[in-house]
Structure formats: C-alpha cells, structure tokens
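Now for the letters of each chain:
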Amino acid sequence: MVTKVVTMTEEKLDEAAIEEAGRILRAGGLVAFPTETVYGLGGDALQGTSSQKIYAAKGRPSDNPLIVHVCDMKDVDYIVKKIPESALKLAEAFWPGPLTMIMEKSEVVPKETTGGLDTVAIRMPENKIALAMIRAAGGYIAAPSANTSGRPSPTKAEHVVEDMDGKIEMIIDGGDVGIGLESTIVDLTEEEPIILRPGYITQEMLTEALKRDVAMDKTILDANSKQAPKAPGMKYRHYAPKADLTIFTGNTEDVTRQICALIDADKKKGKKVGVICTDETKSFYQQADLIESVGSRTDTKAIAHSLFAILRDFDKKDVSVIYSEAFSKKGIGQAIMNRLLKAAGHHVIEVTQIEEER
Ligand code: TXA
Ligand code: MG
C-alpha cells in the first residue's frame, strides 16, 4: 500500500485532505493524525474490521482495547450505557483535552474496539486537526498511539512514517505534538474513580475537579505488584529502546558520579554508551558516546515533550547501554517516571535515598 502523507497546521486546515481522510475512515481504512498528546492511528470505532486492521498495523495484541475519540459531548450518549455524573464534571473541566474516561459501553461499540471488554475508553482531543477529522469520519475514531507495538509513542509525523509507512492509507503531518505523553486514563465504572494511566491531567487536578479522592491504580505505584493492571495496555513492556536502559535515583551529585564510573568501565570494555540527563548535568558525561538532555530538571513540561523522541533516537545510534537520571515525580513528573520506568523494564539502581525535591 502507498501511504499518502499530507501536511497541514491547526491554524490552516486543509479541508480537502480532511474530507479525504473522512472518506478513507468511513470506508474502513486507516489514517494517522496528530493530537495534543501523541500521534494516533485512527480507524472507524464502530466498525470491528477497522479495529482489527489497527491491531494488525501496530502488531498489537487484540486484547488491548482502543480509545474512542469524539468531537462533541452530544455524541457520547450513543456509545455508552449511561454517562456517570463524574464524567460530566470531568468533561466540563478537561475536555477537549488529554483525559480519557472509561465507561460502560453500549451495544453499538464492537468488541474488537474494546478488546472484548464491556467498557469503552473515550477521549475528546483538543487538536483542531483531530477534531475536524473525527467530524469528517462520522463522529467516532478508534485510535491508539500510532507506533509499532512496544516502541515509544510518536510525537512527530516522522516517527509515524518510520513505523507505519506502507501499512496505512494516510498520515496527516500536523507538526510536533504539544504534550508528548499519552492522555491520563481514569476509570469511572467503579464506585471510586481510579487513574489507570498517569498523564498531563494529574491526580491533584482530578481530585480538585471531582471534589473527592481519586486513587491511582495499585499496579502503577508498585512495579512488583502481582495483580494485572486494569488498563490491559499497561501490562506490556513499552516504549523500550533496543539498548538496555537503567535508571539511577538519588541526589544528583551521587547519581552523576555513579553514572560516570559506569561509563568509564563500559568504555574500557569497548561498549557504546548513551546517557539521558538534564541541561544541568550534561557537561559531566563527556566520555559517553551519546548524551541526550531532556531539558532543564525544573521544566517537567519540556521533559514530557522530549522523552519519547529521545528514546527513539537511541535506536538510530546503536548504543548498547543507556543510563538515565531519574526525574521529579511531582505533577506530570508522575507520568514521566511511569513511562521511563516502563522503558527500563523497571531496572532501577538506588544510589542514595530518593529526595523528592531536587
Ligand atoms: O493520548 C492518548 O491517549 C493517545 C492519543 C492517540 O489519543 N492514545 C493512546 O492510545 O495512548 P493507546 O491505545 O496507545 O493506549 C490506550 C490505553 C491502553 O493501555 C489500553 O489498555 C487502555 O488505554 N484502555 C483502553 N480501553 C480500555 C478499557 N475499556 N478499560 C481499561 N483500559 C482501557
Ligand atoms: Mg500506545
């Protein structure tokens, strides 16, 4: 299949291309598109065969459900049994935006889209290209992140081309995404709302909007939990670069010293070494073969924005080991560390006792 790539911006939509994307989706084809979080790989959410094609293009296990993207609150009714009161409040506070809510699904949503579950994940993205496409497609686009399963989510159209060229009908290049990490997922099907995946919308923001405690799924807090995570996708090793990645926690001085010692030892063995660090520390690692700074330690938004692109970059320059500093878990830092820990297969070395504020 030849994949057509079309470029546009949110400020200047290419209406003809949007119409074409809508036609492709309604006919059961696939179109990748930008959202404010990461690029999505879209198919018509109400056609089971479209969802099957999404799983095939990603090489994703079909028990891992997709998020249904909508462009209008009025469209949510049709795909759920009942909209919970809490969903109305959260939609009011955070939609359109980087929040996905899990609700009981109605009959019209095929099991292929929900990976066999009776619940459906729903998000209204903020990106104007995404919203126009959803409208053109008839209102419901199922879209996982547009990466090959297991690779870091795409934050630039070129990442999507790397993974999806020749496998889907069309890619819409809308430039770099704004946030760079996938949406927060909150499950509203139980008595208590539970965060299944941390993201830009933090636990504190959800608690504040609902005026009640919002818990974090236990498997996110405890990497060694034997329990299966409630978001099936969270159980897979994810975002993983090809080289072995180890994270070092502790105070910055001890961490940099430890990483430098390891680099020296690895270089003597002839290994190529990469380092993930910050603007404040990058000058310490001159001996490494590839030094990638996520930005300033204090700028968590910049870290979120650069993390996936950096992980992809390491695959292109063939380093055999990667050492990464740990970052603050405050605010969106919780989502950053969640993704980084998954990328490292939870391989963490505690150099000194963790200090939350560094
Ligand atoms: O920001 C995002 O959410 C991006 C953009 C494209 O919108 N999409 C995204 O989709 O990250 P994906 O498929 O890569 O991640 C969806 C996650 C998976 O971990 C999946 O298991 C979980 O959502 N999920 C989907 N439906 C679910 C459901 N009914 N119950 C529990 N978890 C669900
Ligand atoms: Mg994904």
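Residues numbered from 1 in each chain as written. Chains lettered and ligands numbered in written order. Predicted model: local features only at pLDDT ≥ 70, side-chain atom pairs only at ≥ 80, totals over all residues. Heavy atoms only, no water.

Details of the pattern of salt bridges
One pass over the full model with this rule turns up 24 salt bridges. Between E182 and R339 there is a salt bridge whose closest N-O contact spans 2.8 Å. Remark: R339 occurs in helix α11 (residues 333–343) and E182 occurs in the loop between β8 (170–173) and β9 (184–187); sequence separation between them is 157 residues. A relative accessible area of 4% means that E182 is categorised as buried. In this structure R339 comes out as buried when scored by relative accessible area, which is 0%. Of the charged contacts, one joins D318 and K272 as a salt bridge, the two residues approaching to 3.9 Å between their closest N and O atoms. Placement of the pair is D318 in the loop between α10 (300–316) and β15 (321–325) and K272 in the loop between α9 (252–268) and β13 (273–277), with a sequence separation of 46 residues. Taking the relative accessible area as the measure of exposure, K272 reaches 37% and is therefore partly exposed. Each member of the salt-bridge network shares a partner with another, and the members are R151, E162, D163, R312, D313, D315, K316 and K317. (Salt bridge = Lys/Arg side-chain N within 4 Å of Asp/Glu carboxyl O. Helix = DSSP H or I, 4+ residues; strand = E, 2+ residues; numbered from the N terminus. Buried < 20%, exposed > 50% of the residue type's maximum accessible area, 1.4 Å probe, protein only.)

Here we look at helix α5 (residues 128–137)
Every α-helical turn comprises 3.6 residues, leaving residues that sit three or four positions apart pointing alike. Burial analysis of α5 places eight of its ten residues in the buried class, which makes it a mostly covered element. All of the buried residues along α5 are I129, A130, L131, A132, M133, I134, A136 and A137. In the core, the buried residues of α5 are packed alongside α1 (15–26), β2 (31–33), β4 (67–69), β7 (141–142) and β8. With a side-chain oxygen lying 2.8 Å from the backbone nitrogen of I129, the N-terminal cap of α5 falls on N127. Phi turns positive one or two residues past the end of α5, at G138, with a value near 105°. (Contact = heavy atoms within 4.5 Å. Polar contact = N/O pair within 3.5 Å; in protein donor to acceptor, adjacent residues only side chain to side chain.)

Topic: the site of ligand 1
Close contacts around ligand 1 come from 29 residues, with T37, N64, H69, S183 and G233 the closest. Between ligand 1 and T119, the relevant distance is 3.0 Å, taken from a nitrogen atom to a side-chain nitrogen or oxygen of the residue. Contact with the protein chains removes 97% of the 680 Å² of surface that ligand 1 exposes when unbound. Going through the elements one at a time, β4, β6 (119–123) and β10 (194–197) are the ones with two or more residues in the shell around ligand 1. The element best represented in the shell around ligand 1 is β6, accounting for four residues. Broken down by class, the residue content of the shell around ligand 1 amounts to 16 nonpolar, eight polar and five charged. (Near = heavy atom within 4 Å. Areas by Shrake-Rupley, 256 points an atom, 1.4 Å probe, with all protein chains shown as cover. Nonpolar A, V, L, I, M, F, W, Y, C, P; charged D, E, K, R; others polar.)

Here we look at the packing of α10 against α11
The contact between α10 and α11 brings their axes to 10 Å, and the two run at 20°. By the angle class used here, α10 and α11 are roughly parallel. Of the two possible hands of crossing, α10 and α11 adopt the one that is left-handed. Together, T300, I303, A304, L307, F308 and L311 of α10 and I336, R339, L340 and A343 of α11 make up the contact between the two elements. Partitioned by chemical class, the residues of the contact of α10 with α11 number eight nonpolar, one polar and one charged. (Axes fitted to C-alpha atoms, helices over the stretch in contact; angles between N-to-C directions. Parallel < 35°, antiparallel > 145°, perpendicular 65-115°, else oblique. Left-handed = near helix turned anticlockwise from the far one by under 90°.)

Some thoughts on the packing of aromatic side chains
What the rule picks out here adds up to two aromatic pairs. Between Y78 and Y140, the ring centres sit 6.0 Å apart and the planes meet at 40°, which makes this aromatic pair tilted. Highlighted residues: Y78 in helix α3 (residues 76–79) and Y140 in the loop between α5 and β7, separated in sequence by 62 residues. Judged by centre distance (5.6 Å) and plane angle (75°), the ring pair of F248 and Y323 falls under edge-to-face. Taken together, the residues F248 in strand β12 (residues 244–249) and Y323 in strand β15 connect sequence positions 75 residues apart. A residue is classified by how much of its surface remains accessible, and F248, at 0% relative accessible area, is buried. Judged by relative accessible area, Y323 falls into the buried class, the value being 8%. (Phe/Tyr/Trp six-rings, centres within 6.5 Å; stacked < 30°, edge-to-face > 60°.)

A closer look at empty space enclosed by the protein
For the coordinates displayed, the defined rule picks out one cavity of 30 Å³ or more. Roughly 40 Å³ of internal volume is contained in the largest cavity. Residue composition of the lining of the largest cavity, grouped by class: five nonpolar, five polar and no charged. (1 Å grid on protein atoms, 1.4 Å probe; cavity = no way out; pocket = protein on both sides within 12 Å on 5 of 7 lines; lining within 4 Å. Points joined across faces, edges and corners; volume = space filled by probe spheres on them.)

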